[in-house]
Amino acid sequence: MRKVTFGGANSLDNYFARTDGGMDWLMWSDEAMELMNDYWPKVDTIVMGRRTYEVAMAGQEVEEERSGGEGETENANPYGDIKTYVFSTTLPIGKTAGGAEIVSSDPGEFIRELKSQDGKEICIMGGGNLAKTLLEAGVIDEIGFNIHPVLLGSGVPLFYEMSRQIDLELLECKAMKNGCVYVLYKVKD
């Protein structure tokens, strides 16, 4: 069965981004890049919510403009060849946009089906709201975060209120030279 991971970079007060979506506070480092270089070859599927998808596509358009592209972003997946699914109740279902497949089925059941298929790991990207649903459904296996030494005070939440407690087991904890702390947890059954 395939492993499902949820994670990203967050502030110490548990925000993914500023209220306006800004992420200028992120502290990139060689250590973080090494973690990402180790992680991404293990993944062949990304699942995200609509808002995370829209942020990714906006970033793709900005990058396209910088590189002088001809507007190919409509069909370009910002994650390359990685199969990408976007959960949405407002985007046209089944339509491939930006290299992603738009789905609206039950997220927990959808992930259970993906887990039963052959393949590499599945990454739940961004979207604390989607992660809440998937944690409650019991389909996320690991949670990993690069915690940044900043208190944003408000922003896009990392976690939303859940209907039950989710117990975790620490697998790894690594302090980085820039003050960030990487943590990896297994979600207990």
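Because the structure is a prediction, the values reported are computed rather than measured.

### Topic: the side chain of Glu31
Its location among the elements puts Glu31 in helix 1 (residues 30–39). An unpaired buried charge is present at Glu31: no salt bridge exists, and Lys174, the closest side chain of opposite charge, is 4.5 Å distant. Filtering out sequence-adjacent residues up to four positions away, Glu31 remains in contact with Lys174, Ala175, Met176, Lys177 and Asn178.

### Let's talk about helix 1
Considered for burial, the residues of helix 1 that qualify are Glu31, Ala32 and Leu35. Taken end-on, helix 1 shows its buried residues confined to a sector of 100°, consistent with a single buried face. Buried-residue contacts for helix 1 involve strand 8 (142–148), strand 10 (168–175) and strand 11 (181–187).

### Thoughts on the packing of aromatic side chains
Counted under the stated rule, the structure contains seven aromatic pairs. Plain terms: the ring middles of Phe6 and Phe145 are 5.5 Å apart, the flat faces sit at 85° to each other, and that makes the pair edge-to-face. Within this pair, whereas Phe6 is found in strand 1 (residues 4–11), its partner Phe145 is found in strand 8, the two being separated by 139 residues in sequence. Given a relative accessible area of 1%, Phe6 falls into the buried group. The exposure class assigned to Phe145 is buried, which follows from its relative accessible area of 5%. Considering the side-chain rings of Phe87 and Phe110, the 5.3 Å spacing of their centres and the 90° angle between planes classify their relative orientation as edge-to-face. Note that Phe87 is positioned in strand 4 (residues 83–87) and Phe110 in helix 3 (residues 107–116), a separation of 23 residues in sequence. Each residue in the set Phe6, Phe16, Phe145 and Phe159 is aromatic and connected to the rest through ring pairs, giving one cluster.

### Some details on the environment of Met176
The topology assignment puts Met176 in the loop between strand 10 and strand 11. Between the C-alpha atom of Met176 and that of Ser29, which follows or precedes it by 147 residues, the distance is 8.6 Å. When sequence neighbours within four positions are dropped, the list of residues in contact with Met176 reads Ser29, Glu31, Ala32, Leu35, Asn146 and Tyr182.

What counts, and where the lines are drawn
All residue numbers refer to position in the chain's written sequence, counted from 1. With the structure being a predicted model, the display of local features is reserved for residues of pLDDT at least 70 and the display and counting of side-chain atom pairs for 80 or more, all residues being used for whole-chain, interface and lining totals. Side-chain measures were taken over the full set of non-hydrogen atoms in the model, leaving aside hydrogen atoms and water. Only DSSP runs of H or I covering at least 4 residues are called helices, and only runs of E covering at least 2 are called strands; the numbering of each starts at the N terminus. The buried label goes to any residue with under 20% of its type's maximum accessible area, the exposed label to any with over 50%, and the partly exposed label to all in between, with areas taken from a 1.4 Å probe on protein chains only. His is not counted, nor are the chain ends, whereas Lys and Arg count as positive and Asp and Glu as negative. Here, a salt bridge means any side-chain nitrogen of Lys or Arg that lies within 4 Å of a carboxyl oxygen of Asp or Glu. It only takes one pair of heavy atoms within 4.5 Å for two residues to be counted as in contact. Working definition: the arc comes from the directions between the helix axis and the C-beta atoms, pointing outward to the latter. Aromatic rings from Phe, Tyr and Trp, with only the six-membered ring used for Trp, were paired whenever their centres fell within 6.5 Å, and each pair was classed as stacked if the ring planes differed by under 30 degrees, edge-to-face if by over 60, and tilted otherwise.

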